[in-house]
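Architecture at a glance
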Amino acid sequence: LPFASDELDETTRAVEEALERSDLVLTVGGVSVGEHDVVRAALERAGVTLDFWKVAIKPGKPLCLGRRENARVLGLPGNPASATLTFLLFGAPLLRVMQGDRNPLPPTLDATLEAGVKRSPGRTEFLRVHLDERKRSARVLTNQASGAVTSFAWANALAVVAAEVEALPAGAAVPCVRLSDV
């Protein structure tokens, strides 16, 4: 469907039209809480029951999953890295489940960090990394901002840092998901 503006009525009409002819409706942007974020309200107006809204991950907190009858709805955040990451973590497995895959999640492998990481705890963080599988090491790429796409272009894996962790020293083991496995 074409882009919908940040107007509730227009977005509601677009969602309703998409739901009539789709097994999965995927939206990008507009699921947060800003003045122009109207997707959640449009979904609810269109009769979508939300299974969840917001997840404790970084990047990608504004995210929703819902359904109306047999159609599923996945609302991704608008920032490019957040949208890409949440599609990899939620969208690709959802598509696999919808196709009958009983093992939709990618495997992880442990690697050691080449440099230490400091962060604010509270959300599980998915760091874009370059994974050297031969050495089993992960180099965290620069610019992990939710709007940055260059680190995704250079990444071949995501390192998973648990929500409660404030810092990891160089050499610490972290689970990694290869992007090629997603």
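Preceding this paragraph is the structure being described.
In what follows, the accompanying structure is described. (Residues numbered from 1 in each chain as written. Predicted model: local features only at pLDDT ≥ 70, side-chain atom pairs only at ≥ 80, totals over all residues. Heavy atoms only, no water.)

1. Section: the overall build of the chain
Of the regular secondary structure elements, the chain holds four helices and twelve strands. Radius of gyration (C-alpha) of the chain: 18 Å, near the 16 Å computed for a compact globule of 182 residues. Dimensions of the chain, computed from the C-alpha atoms along their principal axes, are close to 50 × 40 × 25 Å. Within the chain, the proportion of its 182 residues that are buried is 40%. Partitioning the contacts of the chain with sequence separation of at least 6, the portion at a separation of at least 24 is 60%. For the chain, the exposed surface amounts to about 9800 Å²; the carbon and sulfur share of it is 50%. When the 21 basic and 22 acidic side-chain charges of the chain are each reduced to a single mean position, those positions are 7 Å apart. (Helix = DSSP H or I, 4+ residues; strand = E, 2+ residues; numbered from the N terminus. Rg over C-alpha atoms; globule rule 2.2 N^0.38 Å. Buried < 20%, exposed > 50% of the residue type's maximum accessible area, 1.4 Å probe, protein only. Contact = heavy atoms within 4.5 Å. Areas by Shrake-Rupley, 256 points an atom, 1.4 Å probe, with all protein chains shown as cover. Lys, Arg positive; Asp, Glu negative; His and termini not counted. Charge placed at Lys NZ, Arg CZ, Asp CG, Glu CD.)

2. Some details on helix α3 (residues 80–98)
F87 marks the point of greatest bend in α3, at about 45°. Of all the residues in α3, the buried ones are A81, S82, A83, L85, T86, L88, G91, A92, P93 and L94. Looking one or two residues past α3, G100 carries a phi angle of roughly 95°, positive in sign. (Bend = angle between axes of the 7 residues up to and from the residue.)

3. Examining unusual backbone geometry
In this model, K58 is joined to P59 through a cis peptide bond whose omega is -10°. Considering the arrangement of structural elements, one finds P59 in the loop between β3 (57–58) and β4 (64–68). With a phi angle near 60°, N143 is a residue other than glycine that sits in the positive phi range. Position of N143 relative to the elements: it lies in the loop between β9 (137–140) and α4 (150–154). A residue is classified by how much of its surface remains accessible, and N143, at 44% relative accessible area, is partly exposed.

4. A short note on the nonpolar core
Membership of the largest hydrophobic core comes to 18 residues, with the highest contact counts inside it found for L74, L85 and F152. Contributing elements (two or more residues each) for this core: β5 (71–76), α3 and β10 (157–161). In this view, L85 contacts I57, P59, F126, F152 and L158; residues no more than four positions away in its chain are not counted. Formed by 16 residues, the second largest nonpolar core is a distinct cluster that contains L127, V161, V165 and A172. (Core = buried A, V, L, I, M, F, W, Y, C linked by side-chain atoms within 4.5 Å.)

5. Points about the layout of surface pockets
A volume near 500 Å³ is recorded for the largest pocket. In terms of lining residues, the largest pocket is bounded by 22 residues, among which P2, A4, L26, T27 and V28 are the most central. Of all the secondary-structure elements, those providing two or more residues to the lining of the largest pocket are α1 (8–20) and β1 (24–28). Here the lining of the largest pocket is built from residues that sort into twelve nonpolar, seven polar and three charged. (1 Å grid on protein atoms, 1.4 Å probe; cavity = no way out; pocket = protein on both sides within 12 Å on 5 of 7 lines; lining within 4 Å. Points joined across faces, edges and corners; volume = space filled by probe spheres on them. Nonpolar A, V, L, I, M, F, W, Y, C, P; charged D, E, K, R; others polar.)

6. So, the sheet that holds β1
Taken together, the four strands give an open sheet; going across it, the order is β1-β5-β4-β2, and neighbouring strands pair in mixed fashion. Unpaired on one side and paired on the other, β1 and β2 (49–53) mark the two borders of the sheet. When strand polarity is set aside, the average angle formed by the axes of neighbouring strands in this sheet is 15°. Sheet topology places β1 next to β5; five bridges connect them, and they run parallel. Residue pairing across strands places V25 opposite V73, the latter belonging to β5. In this fold α1 packs onto β1, β4 and β5, with an angle of close to 60° to the strand it touches most, β4. Here α3 sits on the sheet in contact with β1, β2, β4 and β5, set at roughly 170° to β5. (Pairing = 2+ DSSP bridges. Axes fitted to C-alpha atoms, helices over the stretch in contact; angles between N-to-C directions.)

Such coordinate-based values are descriptive only and should not be taken to indicate function.
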